[in-house]
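Each chain is listed here by its residues.
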Amino acid sequence: MDKTKLWKTFFNYMEYFLAYSFIGWVYESIWCCMIYHHRGFINRGFLFGPWLPIYGIGFFIILGIFALLKVKKPVLVFLVGMTIATVAELVASYIIEAATGSKLWDYNGYFLNFDGRIALEPSLMFGFLICVAICLIQPAIVKFQEKFKDSKIHKICFCIITVLFFIDLISRIWLGSNI
């Protein structure tokens, strides 16, 4: 692969990562805290900036699984996405608890919860979010990238945001988590 193609591939995937990390931050910090739970603004990320990298990483996993399964119908995207997210959340809850000795979330009190680790409502919400991401947001991002692929302003903004993300990441590694 030549350097130009490699750079374009990095550019596209880094932009996906940053977009979904930001969308995840908006979901967690604004929707979950401010709107749903009425707790006011809380930066739910472990970084200073408006990004939750787990959503960016999760999107790559989801995108890869959907590419393998070739699932495109929205109802199937929703059901498969909900299943994948629920299993991932369950497994992650055990790994996080084993690593830290505590739970980062607790769904006790939610309808159809399992040990407070997973529950119907969050599973439905993740299925919906994955459906929106796969069926609406990702095609829109790809169109945006195609339309502005040669735009210097787009490239400059991408570079600035990417540098800010890495500064944030390095700062948190150095200063420690805000959790």
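Everything numeric in this text was worked out from a predicted model, so none of it was measured. (Residues numbered from 1 in each chain as written. Predicted model: local features only at pLDDT ≥ 70, side-chain atom pairs only at ≥ 80, totals over all residues. Heavy atoms only, no water.)

Focus on the overall build of the protein
Put simply, the rule reads: Runs of E in the DSSP output that reach at least two residues are strands. Runs of H or I that reach at least four are helices, and both are numbered from the N terminus. For a compact globule the rule gives 2.2 Å times the number of residues to the power 0.38, and the radius of gyration it is set against comes from C-alpha atoms. Accessibility here uses a 1.4 Å probe with only protein chains present; expressed as a share of the type maximum, an area under 20% marks a residue as buried, one over 50% as exposed, and anything in between as partly exposed. Contacts are residue-level and defined by heavy atoms, with any inter-residue pair within 4.5 Å sufficient. The Shrake-Rupley method, run with a 1.4 Å probe, gives the accessible areas here. Residue values count only the displayed protein chains as cover. His is not counted here, nor are the chain ends, while Lys and Arg score as positive and Asp and Glu score as negative. In plain terms, the charge of a residue is placed at NZ if it is Lys, CZ if Arg, CG if Asp and CD if Glu.
Looking only at helices and strands, the protein has five helices and zero strands in total. Listing every helix and strand of the protein by position from the N terminus yields α-α-α-α-α. At 18 Å, the protein has a C-alpha radius of gyration in line with the 16 Å of a compact globule built from 179 residues. Principal-axis analysis of the C-alpha atoms places the extent of the protein at approximately 50 × 45 × 30 Å. Per-residue burial over the protein gives 32% buried out of 179 residues. Taking the intrachain contacts of the protein between residues at least 6 apart in sequence as the baseline, contacts between residues at least 24 apart amount to 63%. Approximately 11400 Å² of the protein is accessible, and the part contributed by carbon and sulfur atoms is 74%. Between the mean site of the 16 positive side-chain charges and the mean site of the 11 negative ones, the protein shows a separation of 10 Å.

Section: the packing of helix α2 (residues 53-69) against helix α4 (residues 120-147)
Going by this rule: Angular values range over 0 to 180 degrees, each being the angle between N-to-C directions of two axes fitted as lines to C-alpha atoms, with helices fitted over their stretch in contact. Note on terminology: angles under 35 degrees are roughly parallel, angles over 145 are roughly antiparallel, angles of 65 to 115 are roughly perpendicular, and the others are oblique. The residue classification treats Ala, Val, Leu, Ile, Met, Phe, Trp, Tyr, Cys and Pro as nonpolar and Asp, Glu, Lys and Arg as charged. All others, Gly included, are polar.
Direction vectors running N to C along α2 and α4 enclose 75°, while the axes themselves pass 12 Å from each other. The orientation of α2 relative to α4 falls into the category roughly perpendicular. In contact with Y55, F59, I62, L63 and F66 of α2, α4 contributes F126, I130, I134 and Q138. Class assignment of the residues belonging to the contact of α2 with α4 gives a composition of eight nonpolar, one polar and no charged.

Quick notes on the packing of aromatic side chains
The description of two aromatic rings rests on the distance between their centres and on the angle between their planes. Put simply, the rule reads: A pair of Phe, Tyr and Trp rings is counted when the ring centres sit within 6.5 Å of each other, with Trp represented by its six-membered ring. The angle between the planes then sorts it: under 30 degrees is stacked, over 60 is edge-to-face, the rest tilted.
Applying the stated rule across the entire model yields 18 aromatic pairs. Seen in terms of ring centroids, Y20 and F59 are 3.7 Å apart; in terms of plane orientation they differ by 10°. Their pairing is stacked. Of the two residues, Y20 sits in helix α1 (residues 3-36) while F59 sits in helix α2, which places them 39 residues apart along the sequence. Their ring planes at 55° and their centres at 6.0 Å tell us that Y27 and F126 sit as a pair that is tilted.

Let's talk about unusual backbone geometry
Here K70, not a glycine, exhibits a phi torsion of approximately 55°, which is positive. Position of K70 among the secondary structure elements: in the loop between α2 and α3 (74-100). Residue classification places K70 among the exposed positions, given a relative accessible area of 65%.

As for the nonpolar core
Our working rule: For the purposes of this section, nonpolar cores are sets of buried Ala, Val, Leu, Ile, Met, Phe, Trp, Tyr and Cys residues that join through side-chain atoms within 4.5 Å.
Ranked by internal contacts, the top residues of the largest apolar core, which has 20 residues, are Y20, I62, F66, V77, I130 and I134. Put simply, the parts of the chain that give this core at least two residues each are α1, α2, α3 and α4. With six residues, the single largest contributor to this core is α4. Setting aside chain neighbours within four positions, we find V77 in contact with F66, V71, K72, I130, C131, I134 and C135.

Overview of a nonpolar patch on the surface
The cut-off we apply is this: Each patch is built from salt-bridge-free residues with over 30% relative accessible area, joining like charges within 9 Å and nonpolar side chains (Val, Leu, Ile, Met, Phe, Trp, Tyr) within 5 Å. For this analysis, a salt bridge means a side-chain nitrogen from Lys or Arg found within 4 Å of a carboxyl oxygen belonging to Asp or Glu.
Together, I156, I160, I161, V163, L164 and I167 give the surface a local cluster of nonpolar side chains, amounting to about 530 Å² of exposed area. Mapping I161 onto the fold places it in helix α5 (residues 152-175).

Structural notes on α4
Given 3.6 residues per helical turn, the α-helix brings residues three or four places apart onto the same face. The condition that has to hold: Helix span is expected to be 1.5 Å times the residue number reduced by one. One fitted axis covers the seven residues ending at a residue, a second covers the seven starting there, and the bend at that residue is the angle between these axes.
In this model α4 runs 39 Å from its N-terminal to its C-terminal C-alpha over 28 residues, within 8% of the 40 Å that 1.5 Å per residue would give. Largest kink in α4: about 40°, centred on A133.

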